[in-house]
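# Observations on the model geometry
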Amino acid sequence: MKRRTFLGGAMAVAVVGHGSSALAQQPPIKIGMSMPQTGGLAGGGKASLLGIEIWRDDINAKGGLLGRKVELVVYDDKSSASETPAIYAKLVDVDKVDLLFAPYATVPTAPIMPFVKQRGLLLMGNFSFQVNSKVGHDMWFNNAPWGPADSWAASFLDLAQKAGGKNMALLTADQEFAQNLALTARDVAKKRNIPVVFDQVYPPNTVEFASIIRALKAAKPDIVYVASYPPDSAGILRAVNEIGIGDDVKIFGGGMVGLQFAAVMSNLGSLLNGVVNYNTWLPEKSMYFDGTKEFFDKYTKRAIEAKVDPLGYYLAPFGYAMGEMVAAAVNSTKSLDQKGIAKYLRENEHKTIVGPIAFAADGERKETATLQAQFRGVKDKDIEQFRSSGKQVILFPDKLKTGDLISPFEAARK
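Residues numbered from 1 in each chain as written. Predicted model: local features only at pLDDT ≥ 70, side-chain atom pairs only at ≥ 80, totals over all residues. Heavy atoms only, no water.

Looking up the protein chain in an unreviewed UniProt entry gives the name Branched-chain amino acid ABC transporter substrate-binding protein, with the organism given as Bradyrhizobium jicamae. The heading Sequence similarities (unreviewed entry) in the UniProt record of the protein chain holds the text "Belongs to the leucine-binding protein family." (UniProt positions renumbered as here; feature names shortened; annotations may be inferred.)

## A short note on the sheet that holds strand β2 (residues 70-75)
What the 5 strands build is an open sheet, ordered β2-β1-β3-β4-β5; its pairing is parallel. Each edge of the open sheet carries a strand with a single partner, namely β2 and β5 (140-142). The sheet shows a mean angle of 25° between the axes of neighbouring strands, taken without regard to direction. Where strand β1 (residues 29-34) lies against β2, 6 bridges are found, and the strand directions are parallel. (Pairing = 2+ DSSP bridges. Helix = DSSP H or I, 4+ residues; strand = E, 2+ residues; numbered from the N terminus. Axes fitted to C-alpha atoms, helices over the stretch in contact; angles between N-to-C directions.)

## As for the UniProt feature "domain: Leucine-binding protein" (unreviewed entry) in the protein chain
When the UniProt feature table is mapped onto this chain numbering, "domain: Leucine-binding protein" (unreviewed entry) sits at residues 28-372. For residues 28-372, the end-to-end C-alpha separation is 40 Å, with 41% helix and 15% strand making up the annotated structure.

## Considering the confidence of the model for the protein chain
Low-pLDDT portions of the prediction should not be read for the details of their coordinates. For the protein chain, the mean per-residue pLDDT works out to 93, and 94% of the residues sit at or above 70. Taken together, the stretch residues 1-20 has pLDDT below 50 and engages in 4 contacts with residues farther than four places along the chain or on a different chain. (pLDDT = per-residue confidence, 0-100. Contact = heavy atoms within 4.5 Å.)

## A word on the domain arrangement of the protein chain
Structurally, the protein chain comprises domain 1 (3-142 + 290-347) and domain 2 (151-284 + 369-413). The C-alpha centroid of domain 2 is placed 31 Å from the C-alpha centroid of domain 1. At the junction of the two partners, domain 1 supplies 19 residues and domain 2 supplies 19 residues. With both sides pooled, the region where domain 1 packs onto domain 2 buries about 1700 Å², and carbon together with sulfur makes up 70% of that total. It is F129, Y313 and Y314 that lose the most area in domain 1 upon contact with domain 2, and together they represent 43% of the buried surface on that side. Across the domain 1-domain 2 interface, the total number found is 0 salt bridges. Here domain 1 and domain 2 share 6 residue pairs in polar contact (both at pLDDT 80 or more) between them. (Domains from an automatic or database assignment. Buried area = accessible area lost by both parts, 1.4 Å probe. Salt bridge = Lys/Arg side-chain N within 4 Å of Asp/Glu carboxyl O. Polar contact = N/O pair within 3.5 Å; in protein donor to acceptor, adjacent residues only side chain to side chain.)

## Details of the packing of helix α12 (residues 316-333) against helix α13 (residues 338-347)
Contact geometry of α12 with α13 gives a least axis separation of 9 Å together with a crossing angle of 115°. Viewed along their axes, α12 and α13 adopt a mutual orientation that is roughly perpendicular. Handedness of the crossing formed by α12 with α13: right-handed. Contacts between α12 and α13 involve M325, A328, A329, V330, S332 and T333 from the first element and G340, I341, Y344 and L345 from the second. Classifying every residue of the contact of α12 with α13 by side-chain character gives 7 nonpolar, 3 polar and no charged. (Parallel < 35°, antiparallel > 145°, perpendicular 65-115°, else oblique. Left-handed = near helix turned anticlockwise from the far one by under 90°. Nonpolar A, V, L, I, M, F, W, Y, C, P; charged D, E, K, R; others polar.)

## Quick word on the packing of helix α2 (residues 42-61) against helix α11 (residues 292-306)
Between α2 and α11, the shortest axis-to-axis distance is 11 Å and the interhelical angle comes to 120°. In terms of orientation, α2 and α11 fall into the oblique class. Note on packing geometry: the crossing formed by α2 with α11 is right-handed. Side by side, α2 and α11 meet where A47, L50, G51, E53, I54, R56, D57 and D58 of the first sit next to F295, K298, Y299, R302 and A303 of the second. Residue composition of the contact of α2 with α11, by class: 6 nonpolar, 1 polar and 6 charged.

## Quick notes on helix α6 (residues 151-162)
End to end, α6 covers 16 Å across 12 residues, agreeing with the expected 16 Å (1.5 Å per residue, within 8%). Of all 12 residues making up α6, 9 are buried, and the element is well covered by its neighbours. Considered for burial, the residues of α6 that qualify are S151, W152, A153, A154, S155, F156, L157, L159 and A160. Downstream of α6 by one or two residues, G164 has phi in the positive range, about 100°. (Expected span 1.5 Å × (residues − 1). Buried < 20%, exposed > 50% of the residue type's maximum accessible area, 1.4 Å probe, protein only.)

Structural data, given as structure tokens:
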């Protein structure tokens, strides 16, 4: 702690000491969650958890919630859907947590939705996609910016059609998240009379994509929509670099998971150029709100120490925002009543470090804030370049836009 004067320092120590004493007199408010710390989702899980931990430390430094310290109870779900039901039952029945945060990602979250609905529990969602569409739980609130189910595909196809795209190829992983994206993409394409000239689902363990890319190229699509997971995304782009995709393709990308993470971006380097892909937060001037810069200053320092994603753009600030929304609801309702908190979250717009958030009846964003951004001028083996604006130009939504699409794809790659 910096002390400008002895008096100032003494006062600061007294305030901190008094606050710590007050917090220690009451039991903590326990927020429980599983978070992938091992397995295929671990990179994202660790970054998400760090964002939540920074919020916990910030809120405790301000006196906690309802005068009580906030404590996180976290288990490693090993990136596995088979682990989460037992973990969340333990959090509720054994650990007696006060509130629940969902694990990172769709696959581990989907199995716990029936449980939280049956128990009437609030669940703050964490970057899953359409896990509430069939369950219909009215106490689910997703921190992700996805919005209406069709908005993801619609925004990509808007850009594609404006660039002259008239038919589409789909390449998707055989996983729940990717297939949800593919389903909405087919629906949007059908409504717009965009024929699908290539539609292939590949097994999650696929490592060689050359033959698939050759077949896709032979179909001569104008639009290529890809829904893939991190290892697949890298394999697909390497195959595209080796084989090419054809001069007809106006736009390529859309739903490629992994291209948001520092390690993957650094590894792929210039192979990313031209790809238009979804994202959530980028260091463009339109993306800074109250507290955003301060958060990333803290995150960068702690990420290096914790050896997690050094950028943290994709997930970490949304973990923090999840805490901000819970804090606003608890402070406004002055209770931990989960129905009351849910009512507050549903009826109000919330100021967060990722911008304003308002929820629709299904617990997703009323309005999508999912970015479509194009990689530009990316060089090989330089992670620091991604801290600057201009490497991922925001094309959508209009209120956050920082540039226009460069098309066709082959031209944009140069």
